[in-house]
Amino acid sequence: MIHVDPAMTDEEFLRLFEKGIKAQWGTDQIDWGLVEGISDDKKQALGQLITPVYLGEQTAMLGISQVLPMILTGGHAEPALYLSSMGLDEARHFRNLNHLYRVLNVEPLPSRRLPEMWRYHARLLQKHDPVQWVFGILISDLFAKTFYGGFADRFPDTVVGRLSRRTLQDEARHQAFSDRYLNRMLPTMDEDARQELLVLRDDLFRIMERLGERLRGPMETLDWSPESFLSELWDDTERWVKRLGIVPLAQ
Ligand SMILES: [Fe+2]
Ligand SMILES: [Fe+2]
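Keep in mind the model is a prediction, meaning the values are calculated, not measured.

### Things to note about helix H6 (residues 159–185)
Relative to the 39 Å expected for 27 residues at 1.5 Å per residue, H6 spans 39 Å between its end C-alpha atoms, a close match to the ideal helical length. For H6, the N-terminal cap is Thr158; the gap from its side-chain oxygen to the backbone nitrogen of Val160 is 3.1 Å.

### Let's talk about the coordination of the iron ion (ligand 2)
Taken together, the protein donors to the iron ion (ligand 2) comprise Glu90 (OE), Asp141 (OD), Glu171 (OE) and His174 (ND1), at separations of 2.1 to 2.3 Å. Classification of the site at the iron ion (ligand 2) as irregular follows from its 4 donor atoms and the range of 78 to 152° in their angles at the metal. Along the chain, the residues donating to the iron ion (ligand 2) are arranged with the sequence spacing E-x50-D-x29-E-x2-H. Between the two metal centres, the iron ion (ligand 2) and the iron ion (ligand 1), the spacing is 3.6 Å, with Glu90 acting as a shared donor.

### Some thoughts on the packing of aromatic side chains
Under the defined criterion, the tally for this structure stands at 14 aromatic pairs. Plain terms: the ring middles of Tyr54 and Phe94 are 5.7 Å apart, the flat faces sit at 40° to each other, and that makes the pair tilted. Here the residue Tyr54 occupies a position in helix H2 (residues 40–73), and Phe94 occupies one in helix H3 (residues 77–104), the gap between them amounting to 40 residues. Centre to centre, the rings of Phe147 and Trp224 are 5.9 Å apart; their planes meet at 80°, and the pair counts as edge-to-face. Taken as a pair, Phe147 in helix H5 (residues 130–154) and Trp224 in the loop between helix H8 (216–221) and helix H9 (226–243) lie far apart in primary sequence, 77 residues in all. Residue Trp224 is classed as buried on the basis of its relative accessible area of 5%. Connected via pairs of aromatic rings, a cluster forms that spans Tyr120, Phe143, Phe147, Phe151, Trp224 and Phe229.

### Description of unusual backbone geometry
Located in the positive-phi region is Asn105, a residue other than glycine, with phi close to 60°. You can see Asn105 is positioned in the loop between H3 and helix H4 (115–125). The phi angle at Asp223 is positive, at roughly 50°, despite the residue not being glycine.

Definitions and limits used
- Residues numbered from 1 in each chain as written.
- Chains lettered and ligands numbered in written order.
- Predicted model: local features only at pLDDT ≥ 70, side-chain atom pairs only at ≥ 80, totals over all residues.
- Heavy atoms only, no water.
- Helix = DSSP H or I, 4+ residues; strand = E, 2+ residues; numbered from the N terminus.
- Expected span 1.5 Å × (residues − 1).
- Polar contact = N/O pair within 3.5 Å; in protein donor to acceptor, adjacent residues only side chain to side chain.
- Donors = N, O, S within 2.8 Å, 3.2 Å for Na, K, Ca; no water.
- Tetrahedral: all angles 85-135°; square planar, octahedral: opposite > 155°, others 65-115°.
- Phe/Tyr/Trp six-rings, centres within 6.5 Å; stacked < 30°, edge-to-face > 60°.
- Buried < 20%, exposed > 50% of the residue type's maximum accessible area, 1.4 Å probe, protein only.

Encoded structure:
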């Protein structure tokens, strides 16, 4: 239940919240005119590759709005405070990509061409447990990070690269939140619930493999491949799983 006057003693979350509010920024801090040097082919490919990220930013907004009441009514005011600032970050990312499509003058893929993203979304929505949610949000943040990192490397001095680098700073804070929250909660969970997290990871990766196949064409236009994307994301996720101490049971 919600407390009228909670003690707010968890310094780690409070520090992260302060960092989150101080690091806010708006669309006016990006030079939207930096589109020279991006060929029309690459713009079209970007339009398609940004689509899952664009939808992912909305999934992130939805995820936070689902998990926030669970955490706040569970009596954990400090992480709930942080999540509120994270919601604003995701809203900004969504807004920025919306603007980027207009600046590049390209269209996102129509949703029927990306059924995997709806499957991904639906898989996350099955969860009613805040830990499962935060773990799903962590994988989604790593997914966004891999895309934004790839865009930043390929288009360093353009609006795409600059926006990606700025967004990655927000995503790093989100990972710091998931790290702290999951580290607190995992020791309180039984083994079955911990293994459930790995089932969620595997389901999401199966969906992402099919998504990668679908995006092979535009990825190749940007000298990228679904294989390298997925192996980078998998290695990143595995580092987190190990760091969090989630050990798969021997089959
Ligand atoms: Fe985001
Ligand atoms: Fe995020």
